[in-house]
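Listed below are the residues making up each chain.
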Amino acid sequence: MRLPPEFDLHALEVFVLTVELGGMTASAQQLRITQSAVSQTITRLEQGIGTALFDRSLRPLGVTPAGRALYERARTLLSTARRVVDEVREGAQQPIDQITIGMAETLATLLTAPLLHHAGKRVGRWRVRSGISLNQQQDFLARRCDMLVTGSNTLEKHPGIEHHDVTDDPFVLVFPGDYHGSPDPAEAAGRLPFVRYSLDTGMGQRIESQLTRMKLALPNVIEVDIIHQQLTIVALGIGWSITSLLCLAAMPGLIPQLRVEPMPRGRFSRRIQVVARAGELGDLAASTAGLARAVIHEQALPPVLARLPWAAPAAR
């Protein structure tokens, strides 16, 4: 049979985005069109298929059984269509039009220049964003971001997302360079205030969760959301903290002013991954993960491990 003229890829894209964002207003904002245009597109799609896709009596907008069935199939169709466009562009040596990539502050410091150097010509316009990882994940789910390099695993249960492992990043204790007390966190807390990394970040939440498991209730005296702030405060002798090897690698000039120690108990790490929507960027996400792995293990970590040889097994 012939497909209804209302059933086209643009209409499916509008429909899928409306389902994922939970409403026509959010979809219109993302697509930079009017809400009326979104509504008309979906109405025509429903007329062409011959069944309702949304239950408009519900608030927020509900998806009908037919809408749920179409959503799953439409995502596959759109993924295939995007892959076709990427393959044709690649065959014609045409770059991907535009990509927005989000990275945590540390990873952006280490990886932005190598990524643009090695893969810059594959994309017509790069938009690189660094900042709080949880905000970036919200942007990714809202399709305001195409790819993430992240140390947070909160997206692992979402369907239709591909994850490419880069490395494990072990956490360590950091004290002022002239601190001669015990490195045990419970004892250190009695000597210096704990410099807490913001709970608005995935890394901050990971550290806080570990402190809870260790039964350490540390007062919230100092809280920061930038690695440079955290390590500088410690280097100046104001407090102590928990950070990661990659954070130290991003600020190598501060390492001589720090006393870095392994976690005496409750050792833990974060998994660095490249995250993208399945089938939308060709092999760019996988190649970005490979590049990140090489940069981290061949360039970023060796100077740190030369000063901290005891950390080499965990870093590998």
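Here the residue numbers are simple positions, counted from 1 along each chain's written sequence. Two thresholds apply to this predicted model, a pLDDT of at least 70 for residue-level local features and 80 or more for giving and counting side-chain atom pairs, whereas whole-chain, interface and lining totals are computed over all residues. Calculation of side-chain values draws on the structure's entire complement of heavy atoms; hydrogens and water are dropped beforehand.

Engineer: I'd like a description of the overall build of the protein chain, backed by residues and values.
Structural biologist: Across its full length, the protein chain holds 12 helices and 11 strands. The dimensions of the protein chain, computed from C-alpha atoms along their principal axes, are 80 × 45 × 30 Å. Taking the contacts inside the protein chain whose residues are at least 6 apart along the sequence as the reference set, 73% of them involve residues at least 24 apart. Methods summary: accessible areas were calculated by the Shrake-Rupley approach with a probe of 1.4 Å, and residue burial reflects only the protein chains presented. Carbon and sulfur atoms make up 52% of the accessible area of the protein chain, which amounts to about 15700 Å² in all. Positive charges are assigned to Lys and Arg, negative charges to Asp and Glu, while His and the chain termini are left out of the count. To locate a charge, take atom NZ for lysine, CZ for arginine, CG for aspartate or CD for glutamate. Charge-centre separation for the protein chain: the mean point of 33 positive side chains lies 1 Å from the mean point of 30 negative side chains. What counts as a helix is a DSSP run of H or I of at least four residues, what counts as a strand is a run of E of at least two, and both are numbered from the N terminus. For this analysis, residues touch if any pair of their heavy atoms sits within 4.5 Å.

Engineer: Please set out the UniProt feature "domain: HTH lysR-type" (unreviewed entry) in the protein chain residue by residue, giving values where relevant.
Structural biologist: UniProt positions are given in the numbering used here, feature names are shortened, and annotations may be inferred rather than shown by experiment. UniProt annotation of "domain: HTH lysR-type" (unreviewed entry) refers to residues 7-64 when read in the numbering used here. In residues 7-64, helix accounts for 62% and strand for 7%; the two terminal C-alpha atoms are 18 Å from one another.

Engineer: Help me get a handle on the packing of aromatic side chains, residues and values and all.
Structural biologist: Centre distance and the angle of the planes are the two values used to describe a pair of aromatic rings. Between rings of Phe, Tyr and Trp, where Trp is taken as its six-membered ring, a pair exists when centres lie within 6.5 Å; planes separated by under 30 degrees are stacked, by over 60 edge-to-face, and by other angles tilted. Overall, the coordinates contain 5 aromatic pairs when judged by the stated rule. Through successive ring pairs, a cluster of aromatic residues spans F175, Y179, F194 and W240. Our definition puts a charge over a ring when NZ of Lys or CZ of Arg is within 6 Å of the ring centre and also within 35 degrees of the ring normal. Its end group placed over the ring of F175, R259 keeps NZ or CZ at 5.8 Å from the ring centre. It is R277 that lies over the ring of F140; its NZ or CZ is 4.7 Å from the centre.

Engineer: I'd like a rundown of the environment of M251, residues and numbers included.
Structural biologist: By the element assignment, M251 lies in the loop between helix 10 (245-250) and strand 10 (258-262). In this structure, the C-alpha to C-alpha distance between M251 and D168, residues 83 residues apart in sequence, is 18 Å.

Engineer: Please give an account of helix 6 (residues 133-141) that cites residues and values.
Structural biologist: Three labels apply to residues, based on accessible area from a 1.4 Å probe with only protein chains included: buried if under 20% of the type maximum, exposed if over 50%, partly exposed otherwise in between. Taken together, the buried positions of helix 6 are occupied by S133, L134, Q136, Q137 and F140. Buried residues in helix 6, looked at end-on, bunch into an arc of 155°, giving them a common side. Check the buried side of helix 6 and you find it contacts strand 3 (96-103), strand 4 (123-130), strand 5 (147-150), strand 6 (161-176), helix 8 (202-213) and strand 11 (269-277). With its phi angle positive at about 65°, R143 sits one or two positions after the end of helix 6. By arc we mean the arc of the directions from the helix axis to the C-beta atoms, nothing more.

Engineer: With reference to specific residues and values, describe the layout of surface pockets.
Structural biologist: We place a 1 Å grid over just the protein atoms. Points where a 1.4 Å probe fits but has no way out form a cavity, open points with protein on both sides within 12 Å along at least 5 of 7 lines form a pocket, and any residue with an atom within 4 Å of a point lines it. Grid points are joined across faces, edges and corners, and a volume is the space filled by probe spheres set on the points. As a volume, the second largest pocket reaches approximately 380 Å³. Lining the second largest pocket are 19 residues, and of these E20, Y71, R75, P159 and R277 sit closest to its centre. Classification convention: Asp, Glu, Lys, Arg as charged; Ala, Val, Leu, Ile, Met, Phe, Trp, Tyr, Cys, Pro as nonpolar; all other residues, Gly among them, as polar. Looking at the lining of the second largest pocket, its residues break down into 8 nonpolar, 4 polar and 7 charged.

Engineer: Pulling in residues and values, what's your account of the side chain of S27?
Structural biologist: Mapped onto the fold, S27 is located in helix 2 (residues 24-31). Among the residues examined, S27 registers a relative accessible area of 0% and is labelled buried. When near neighbours in sequence (up to four residues on either side) are disregarded, S27 contacts V14, L17, T18, L21 and V38.

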